[in-house]
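# Architecture at a glance
Spelled out, the chains give:
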Amino acid sequence: TLVAGFGSAKCSNEEAYLFQKLIRQGFGHNNVDHCTRLCHASSVAALLENVGSGAVTATFNEIEHADVAIVIGANPIENHPVAATYFKQFAKRGGKLIVMDPRGVGLKRYATHRLQFRPGTDVAMLNAIMNVIVEERLYDEQYIAGFTENWEAMKAHLAEFTPERMAPLCGIEAAVLRAVARDFATARAGMIFWGMGISQHIHGTDNSRCLISLALMTGHVGRPGTGLHPLRGQNNVQGASDAGLIPMFLPDYQPVEDDGVRSAFTAVWGSGDFSNKRGLTVVEIMDAIHDDKIRGMYILGENPAMSDPDVEHARDALARLEFLVVQDIFLTETANYADVILPSSAWPEKTGTVTNTNRQVQMGRPAVPPPGEAREDWRITTDLARRLGLDWRYTHPREVFAEMKLNMPSFDNITWERLEKTAVTYPSLSPEDPGQPIVFGDGFPRKEGRARFTPAKVTAPAETPDADYPMILLTGRQLEHWHTGSMTRRAAVLDWAEPEANATLNPKTLRRLGVAPGAMIRIATRRGVIEIMARADRAVAEDMVFVPFAYVEAAANILTNPQLDPFGKIPEFKFSACRVTPAPPREVVAAE
Ligand SMILES: Nc1nc2c(c(=O)[nH]1)N[C@H]1C(S)=C(S)[C@@H](COP(=O)(O)OP(=O)(O)OC[C@H]3O[C@@H](n4cnc5c(=O)[nH]c(N)nc54)[C@H](O)[C@@H]3O)O[C@H]1N2
Ligand SMILES: Nc1nc2c(c(=O)[nH]1)N[C@H]1C(S)=C(S)[C@@H](COP(=O)(O)OP(=O)(O)OC[C@H]3O[C@@H](n4cnc5c(=O)[nH]c(N)nc54)[C@H](O)[C@@H]3O)O[C@H]1N2
Ligand SMILES: [Mo]
């Protein structure tokens, strides 16, 4: 195989479906992936393994019916403002909110328990909490007996993770771990929300396994006000994943290795078989380019020249390609490497459906015409398929949606005509059912309907601080910018509000470095160096620096570690060893 494709979580369900179909039908293999690999891939791996489905078990609105909720490794006030409104309301009416994050995130102000623990120690902390639940017999015996498997092994595994032993590792006192365990386990209804702080580690799948086990042992799944909710990121990352933009799965997470699954699709496509082997993932594709195993790429609505870990390595790969097609709404850093750039239309300029974090399918319609020669993504992909000799004749996204339904049971009872009138949540049990906000009340889509406890061991981050690189680099987001800045740095108001690349450090750290807030620092890791303006923020611990990845002039991903979680294949964006020094003074340019 010589070709690979990155699809987009910013495009519609129909466009995602067509993109994976193009790679599979047109090139005969499964080298198609998208930003979910950098996002919730590890959460999805753990959810599929242990509850049999990768989507949320309850909508975030269900917090209205909860009395306790954990928000871990997420900064919803900046990154999920709509969900954050529900979380704040919940706290205001007396709900117990437990916020766990190595940084003092904004939601902390609303929390009953604030656990500002050591980064990378989630498994230690969560196992200690579960240890208390076992020791104090706070678990839900009836639920465990009725709906789960592997409990005895889990119980035995947890025995050594006492709060006293884990406290020095995670930096949270044993008494606090006990109090959190009691509050969560004894609540009538509890929910767990999580974000990138859980998923973007080499032990991201283990982190998620712990959260799933915690919900299962307390019976906080499948009832009103209970559930597991990995907060999704891109507007359509749920839909793009469901539509099969994944190298191991066809639409609805049906494995590519399964002959019956492949033939169900090729029957609809009217074509021959394609590879029964899993394709390469995002970071693996970049490596394969360096090894000359991939020579051409089609990149739709992604900006890997900014968003991939160890981005100089990724940029070298893009430069090495014999042929690169980039289809985007802007001229991105990735487009700089392209042989062909296909200008496409943005969300308000096109027709299509999307599926949000709540599994809610919604239709979008054009509000404005696309500029210049820009065209809808599905039209461009369809034209490319025809030039490849495929017999594609779509004239409207509704035809694509109808085709998707043939092999996607998640869309049962959901039709284009319904969506034209109203949004529908899947699963929808009848043509009238608006959809189920909570799933798995009567069992799980696994063998014998049981969910599984998978014990997780403590694994250190791939790179730990040492004498050369003594500090910890965390990367993530800030309110004003979206990811790689390709859109928001072109938005006049947002760029005005946050125009300059910035890193946050504890004020004590800045004093120790002799750097005044607003001055420039230099951050180095084993991958590279950036210079960036420093801000003081007590939310960050003294041995940490936080860098958002939106700024091309100080790209955080020049620094990040590409080591992968073995199950989810997600890189460790959330932990690198780094060295921070004052930036050497710039040459004074004689402007006069
Ligand atoms: N404004 C804005 N909103 C966005 C986006 C954007 O770019 N800008 N992107 C969207 C997308 S695609 C996504 S995926 C979401 C992401 O939304 P979030 O998950 O909220 O994203 P992050 O800011 O990357 O990281 C969340 C938190 O993880 C914490 N963290 C770091 N290390 C650890 C650790 O070891 N353990 C734990 N438990 N936590 C840790 C960080 O301190 C940080 O507060 O946001 C979406 N919303
Ligand atoms: N260091 C670090 N790196 C990270 C992360 C982190 O926390 N830290 N988080 C990771 C995560 S969770 C994610 S999701 C990724 C995101 O990584 P990317 O998806 O690469 O980042 P975006 O900037 O959102 O890129 C989306 C692109 O789609 C284009 N676009 C928007 N709408 C349309 C459309 O309708 N059609 C087309 N064709 N294009 C469109 C935009 O112009 C933009 O260039 O980054 C990952 N990288
Ligand atoms: Mo994401």
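Residues numbered from 1 in each chain as written. Chains lettered and ligands numbered in written order. Predicted model: local features only at pLDDT ≥ 70, side-chain atom pairs only at ≥ 80, totals over all residues. Heavy atoms only, no water.

## Concerning the overall build of the protein chain
What the protein chain contains, in helices and strands, is 21 helices and 25 strands. Taken against the 2.2 N^0.38 rule, which gives 25 Å for 592 residues, the C-alpha radius of gyration of the protein chain at 24 Å falls within 12% of a compact globule. Each principal axis of the C-alpha distribution contributes one length, and for the protein chain these read about 75 × 65 × 45 Å. Among the 592 residues that make up the protein chain, the fraction classed as buried is 60%. (Helix = DSSP H or I, 4+ residues; strand = E, 2+ residues; numbered from the N terminus. Rg over C-alpha atoms; globule rule 2.2 N^0.38 Å. Buried < 20%, exposed > 50% of the residue type's maximum accessible area, 1.4 Å probe, protein only.)

## As for the pattern of salt bridges
This model, assessed by the stated rule, comprises 32 salt bridges. The shortest N-O distance in the salt bridge between E498 and R535 comes to 2.7 Å. Taken as a pair, E498 in the loop between helix 20 (492-497) and strand 19 (502-505) and R535 in strand 21 (residues 529-536) lie far apart in primary sequence, 37 residues in all. Salt bridges here are not isolated pairs; linked through shared partners, they connect E136, E164, R178 and R182. (Salt bridge = Lys/Arg side-chain N within 4 Å of Asp/Glu carboxyl O.)

## Here we look at the pairing of strand 3 (residues 68-72)
The buried fraction of strand 3 amounts to five of the five residues, a majority that puts the element mostly inside the structure. Residue alternation in strand 3 divides its side chains into two sets, V68, I70 and I72 and A69 and V71, and both sets are buried. In this sheet, strand 4 (residues 96-100) lies alongside strand 3 in parallel orientation, the contact comprising five bridges. Considered in strand 4, the bridge of I70 is made with I98. Here strand 3 runs beside strand 7 (residues 190-194); their pairing, made up of five bridges, is parallel. Paired with A69 across the bridge in strand 7 is M191. (Pairing = 2+ DSSP bridges.)

## Here's the deal with the sheet that holds strand 16 (residues 424-425)
Across the sheet, three strands lie side by side as 14-15-16; this open sheet has antiparallel pairing. Edge positions in the open sheet fall to strand 14 (352-355) and strand 16, since each of these has one partner strand only. Where strand 15 (residues 360-364) meets strand 16, two bridges bridge the pair, whose relative direction is antiparallel. Of the residues in strand 16, the one forming a bridge with V361 is V424.

## Regarding the packing of helix 5 (residues 122-135) against helix 11 (residues 204-217)
Orientation of helix 5 relative to helix 11, taken along the N-to-C sense of each, is 20 degrees, at an axis distance of 9 Å. One way to sum up the angle between helix 5 and helix 11 is to call them roughly parallel. Here helix 5 and helix 11 pass one another in a crossing that is left-handed. Seen from helix 5, the contacting residues are D122, V123, L126, N127, I129, M130 and I133; seen from helix 11, they are D206, N207, C210, L211, S213, L214 and M217. Partitioning the contact of helix 5 with helix 11 into residue classes produces nine nonpolar, three polar and two charged. (Axes fitted to C-alpha atoms, helices over the stretch in contact; angles between N-to-C directions. Parallel < 35°, antiparallel > 145°, perpendicular 65-115°, else oblique. Left-handed = near helix turned anticlockwise from the far one by under 90°. Contact = heavy atoms within 4.5 Å. Nonpolar A, V, L, I, M, F, W, Y, C, P; charged D, E, K, R; others polar.)

## Looking at the site of ligand 2
Close to ligand 2 lie 36 residues, the nearest being N303, S307, D328, T484 and N557. At 2.9 Å, a side-chain N or O of S344 approaches a nitrogen atom of ligand 2. One of the side-chain N or O atoms of N557 is found 2.6 Å from a nitrogen atom in ligand 2. Surface burial for ligand 2 is 99%, taken as the share of its 920 Å² of free accessible area covered by protein chains. Residue assignment for the shell around ligand 2 shows that the elements contributing at least two residues are strand 12 (323-328) and strand 18 (471-476). A per-class count over the shell around ligand 2 returns 13 nonpolar, 16 polar and seven charged. (Near = heavy atom within 4 Å. Polar contact = N/O pair within 3.5 Å; in protein donor to acceptor, adjacent residues only side chain to side chain. Areas by Shrake-Rupley, 256 points an atom, 1.4 Å probe, with all protein chains shown as cover.)

## Looking at the layout of surface pockets
In this approach, a probe sized like a water molecule rolls over the atoms, and the result shows the empty space that is left. Here the second largest pocket is characterised by a volume of approximately 510 Å³. S53, S410, Y426, P427 and F440 are the residues nearest the centre of the second largest pocket, which is lined by 21 residues in total. Across the lining of the second largest pocket, the residue classes tally to eleven nonpolar, six polar and four charged. (1 Å grid on protein atoms, 1.4 Å probe; cavity = no way out; pocket = protein on both sides within 12 Å on 5 of 7 lines; lining within 4 Å. Points joined across faces, edges and corners; volume = space filled by probe spheres on them.)

## Re the site of ligand 1
Ligand 1 sits among 31 residues. The nearest are D101, G120, D122, R477 and H481. Take N75: an N or O atom from its main chain is 2.8 Å from an oxygen atom of ligand 1. Between D122 and ligand 1, the recorded distance is 2.6 Å, taken from a side-chain N or O atom to a nitrogen atom. Here ligand 1, which alone exposes 920 Å², has 98% of that area covered by the protein.

## Some remarks on helix 18 (residues 397-407)
Among all positions in helix 18, only P397, V400, F401, E403, M404 and N407 are buried. Seen from one end, helix 18 has its buried residues packed into an arc of 160 degrees, which puts them on one side. Residues of helix 18 that are buried sit in contact with helix 1 (13-27), strand 10 (254-255), helix 13 (259-269), strand 14, helix 17 (377-387) and helix 19 (416-421). (Arc of directions from axis to C-beta.)

## Here we look at the packing of helix 8 (residues 163-170) against helix 9 (residues 174-186)
The contact between helix 8 and helix 9 brings their axes to 8 Å, and the two run at 110 degrees. Comparing their axes, helix 9 and helix 8 come out roughly perpendicular. For the crossing formed where helix 8 meets helix 9, the hand is right-handed. Facing P163, E164, A167 and C170 of helix 8, the residues of helix 9 in contact are A174, L177 and R178. A class-by-class count of the residues in the contact of helix 8 with helix 9 yields five nonpolar, no polar and two charged.

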